[in-house]
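# Summary of structural features
This is what each chain is made of:
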Amino acid sequence: MARLGILAGGGALPPAILQAHPDAYVLTFAGVQHLMGADAPVFPIDRIGAIYAALREAGVTDVVFAGGLSRPALDPAQFDDDMRALAPHLLAAMQQGDDAVLRLVVQTFEGQGFAVRGAHEVLPILTATAGLIAGPQPTDADMSDAARGFDILAHTAALDIGQGCVVANGLCLGFETLQGTDAMLRFVSETPEKLRHAAKGGVLVKTPKAGQDLRVDMPAVGPDTLRAAAKAGLNGIVITAGNVVVLDRPQIAKVAEETGVFLWAAEPLA
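First things first, this report covers the structure right here in the doc. Counting restarts for each chain: residues are numbered from 1 in the order of the written sequence. Selection of residues for local features in this predicted model requires a pLDDT of at least 70, selection of side-chain atom pairs for listing and counting requires 80 or more, and totals for whole chains, interfaces and linings are taken over all residues. The side-chain values count all of the structure's non-hydrogen atoms but skip hydrogen atoms and water molecules.

### Some details on the side chain of Thr-207
- Working definition: helices are DSSP H or I runs of at least four residues, strands are E runs of at least two. Numbering for both runs from the N terminus. Tracing the backbone shows Thr-207 in the loop between strand 9 (203-206) and helix 9 (214-217).
- Any pair of nitrogen or oxygen atoms within 3.5 Å is treated as a polar contact; in protein, a donor-acceptor pairing is required on top of that, and neighbouring residues in sequence qualify only through side-chain atoms on both sides. Of note is the side chain of Thr-207, whose polar atom sits 3.0 Å from the side chain of Thr-240.
- Residue contacts are defined here by distance: any two heavy atoms, one from each residue, within 4.5 Å place the two residues in contact. In contact with Thr-207, not counting residues within four places along its chain, are Phe-150, Leu-153, Gln-163, Pro-219, Thr-240 and Val-244.

### Things to note about the packing of helix 3 (residues 81-94) against helix 4 (residues 98-111)
- Put simply, helix 3 and helix 4 touch, their axes get as near as 8 Å, and they point 150 degrees apart. With respect to helix 4, the element helix 3 is oriented roughly antiparallel. Here the hand of the crossing between helix 3 and helix 4 comes out right-handed. Here Leu-86, His-89, Leu-90, Ala-93 and Met-94 of helix 3 come into contact with helix 4, specifically with Ala-100, Val-101, Leu-104 and Thr-108.
- As a working rule, the residues Ala, Val, Leu, Ile, Met, Phe, Trp, Tyr, Cys and Pro are called nonpolar, Asp, Glu, Lys and Arg charged, and the rest polar, with Gly in that last group. Partitioned by chemical class, the residues of the contact of helix 3 with helix 4 number seven nonpolar, two polar and no charged. Lines are fitted to the C-alpha atoms to define the axes, a helix being fitted only along its stretch in contact, and any angle between axes, read from their N-to-C directions, falls within 0 to 180 degrees. Angle categories: roughly parallel below 35 degrees, roughly antiparallel above 145, roughly perpendicular from 65 to 115, and oblique for all the rest. It is the rotation of the near helix from the far one that decides the hand of a crossing: anticlockwise by less than a right angle makes it left-handed, clockwise makes it right-handed.

### Some remarks on the nonpolar core
- In these notes, a set of buried Ala, Val, Leu, Ile, Met, Phe, Trp, Tyr and Cys residues joined through side-chain atoms within 4.5 Å is what counts as a nonpolar core. Each residue is assigned to one of three classes by its accessible area relative to the maximum for its type, calculated with a 1.4 Å probe on protein chains only: buried under 20%, partly exposed between the two thresholds, exposed over 50%. Residues Leu-7, Tyr-25, Leu-27, Ile-51, Leu-55, Val-63 and Phe-109 are the most contacted members of the largest nonpolar core, which totals 29 residues.
- Breaking this core down by element, the ones donating at least two residues are strand 2 (25-29), helix 2 (48-57), strand 4 (62-66), helix 3 and helix 4.
- Residue contributions to this core peak at six residues, all from helix 3.
- Other than its neighbours up to four places away in sequence, Ile-51 contacts Leu-27, Phe-29, Phe-43, Pro-44, Ile-45 and Phe-109.
- Among the nonpolar cores identified, the runner-up in size contains 26 residues, and Val-188, Leu-204, Val-221 and Val-246 belong to it.

### Overview of the sheet that holds strand 11 (residues 236-240)
- At least two bridges found by DSSP between two strands are what make those strands a pair. The strand order across the open sheet formed by six strands is 6-13-11-9-7-8, and the pairing between neighbours is mixed. Each edge of the open sheet carries a strand with a single partner, namely strand 6 (131-134) and strand 8 (171-175). Taking each pair of neighbouring strands and ignoring which way they run, the sheet shows an average axis angle of 25 degrees.
- Two elements, strand 11 and strand 13 (residues 262-266), share five bridges in a ladder whose sense is parallel. Among the inter-strand pairings, Thr-240 is bridged to a residue of strand 13, identified as Ala-266.

### Digging into helix 10 (residues 223-231)
- Of all the positions in helix 10, only Pro-223, Thr-225, Leu-226, Ala-228 and Ala-229 are classed as buried.
- Residues of helix 10 that are buried in the fold lie against helix 7 (181-189), strand 9, strand 10 (220-221), strand 11 and helix 11 (249-259).
- Immediately downstream of helix 10, the backbone of Gly-233 shows phi near 80 degrees, a positive value.

### A short note on the environment of Thr-156
- Note that Thr-156 resides in helix 6 (residues 140-156).
- As for Thr-156 and Ala-119, which are separated by 37 residues in sequence, their C-alpha atoms are 25 Å apart.

### A look at the pairing of strand 8
- Strand direction decides the pairing type here: strand 7 (residues 164-168) and strand 8, joined by four bridges, are antiparallel. Of the residues in strand 8, the one forming a bridge with Val-166 is Gly-174.
- In textbook terms, the turn of a hairpin is the stretch between consecutive antiparallel strands, and for strand 7 and strand 8 this stretch comprises two residues, one of which, Asn-169, has a positive phi near 50 degrees.

### A closer look at the sheet that holds strand 3 (residues 42-43)
- Taken in spatial order, the five strands line up as 3-2-1-4-5 in an open sheet, and their pairing is parallel. Of all strands in the sheet, those with a lone pairing partner are strand 3 and strand 5 (115-117), marking the two edges.
- Packing against the sheet, helix 1 (residues 13-20) makes contact with strand 1 (4-8), strand 2 and strand 4, and its axis sits at approximately 165 degrees to strand 1.

### Considering the pairing of strand 4
- For strand 4, the tally of buried residues reaches five of five residues, placing the bulk of the element in the interior.
- Here strand 4 shows no split at all, with Asp-62, Val-64 and Ala-66 on one side and Val-63 and Phe-65 on the other all buried.
- As judged from the five bridges shared by strand 1 and strand 4, these two strands associate in the parallel manner. Across the sheet, Leu-7 pairs through a bridge with Phe-65, a residue of strand 4.

### Quick notes on the packing of helix 2 against helix 3
- Axis separation between helix 2 and helix 3 bottoms out at 6 Å; the angle between their running directions is 120 degrees. It follows that helix 2 is oblique to helix 3 by the angle criterion. Where helix 2 approaches helix 3, its residues Ile-48, Gly-49 and Tyr-52 are matched on the opposing element by Asp-82, Met-83 and Leu-86.
- Here the residues of the contact of helix 2 with helix 3 sort into four nonpolar, one polar and one charged.

### Looking at the state of the cysteines
- Cysteine sulfur atoms are paired as a disulfide whenever they come within 2.5 Å of each other. Scanning the model with the defined rule gives zero disulfides in all.
- The thiol sulfur of Cys-165 is not disulfide-bonded, and the nearest other cysteine sulfur, from Cys-172, lies at 5.1 Å.
- The partly exposed category is assigned to Cys-172, whose relative accessible area is 39%.

The analysis is restricted to geometry; functional conclusions fall outside its scope.
Shown next as structure tokens:
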């Protein structure tokens, strides 16, 4: 019988998956803050062979990568045999972008005999159907900004830079890079008023890059994203239906009511 292994990073997603799969085996990574409790075993990424062994010993057949993880700080002096074999390929992938790194991770675990599952596969309720999720109805101007945002992201997808941008009155106020969505929204919130006078309101657009493997890098939004969008002076957030994780919907609804920021799921572009 299949057993799920949760390779947990930070944030609310790993606990949500564990709640739905209480028999899953959970492991975490050294140096990564998480919400899985003090009893969750911790493994340094430098000794990836120990991770394979622990998963096999626990009877794990399927694995899901869930939660936020930064690029690892590798210490060659600590490498086990498996990491020594993987390291040259990993370092080369790091020079190509996150997509290359994540594809290598998937291939590595599949090569060890594990089936890699997406968070949306083990917990389908995570994604949204098209339409209003929370907050007020977006205006025509909001949806025009969203269309502009999707266009920007479609044209930059091949560069493997980010999964989100902020558009107001057709102007791009911010683009997500390695620092992530929160950093982008802080940047937007700090944009001088003289530069934003013609760009009031606006929307955050989040969507996967074209060809992205959603099993290991599906974009996510949650209550904190709405709070950050409100602080940045935005009217709302637009995601694509079916391929963006929506965390803690009851709290999202509460934050949307408090801030007036909407969350809308658009049909994916053909």
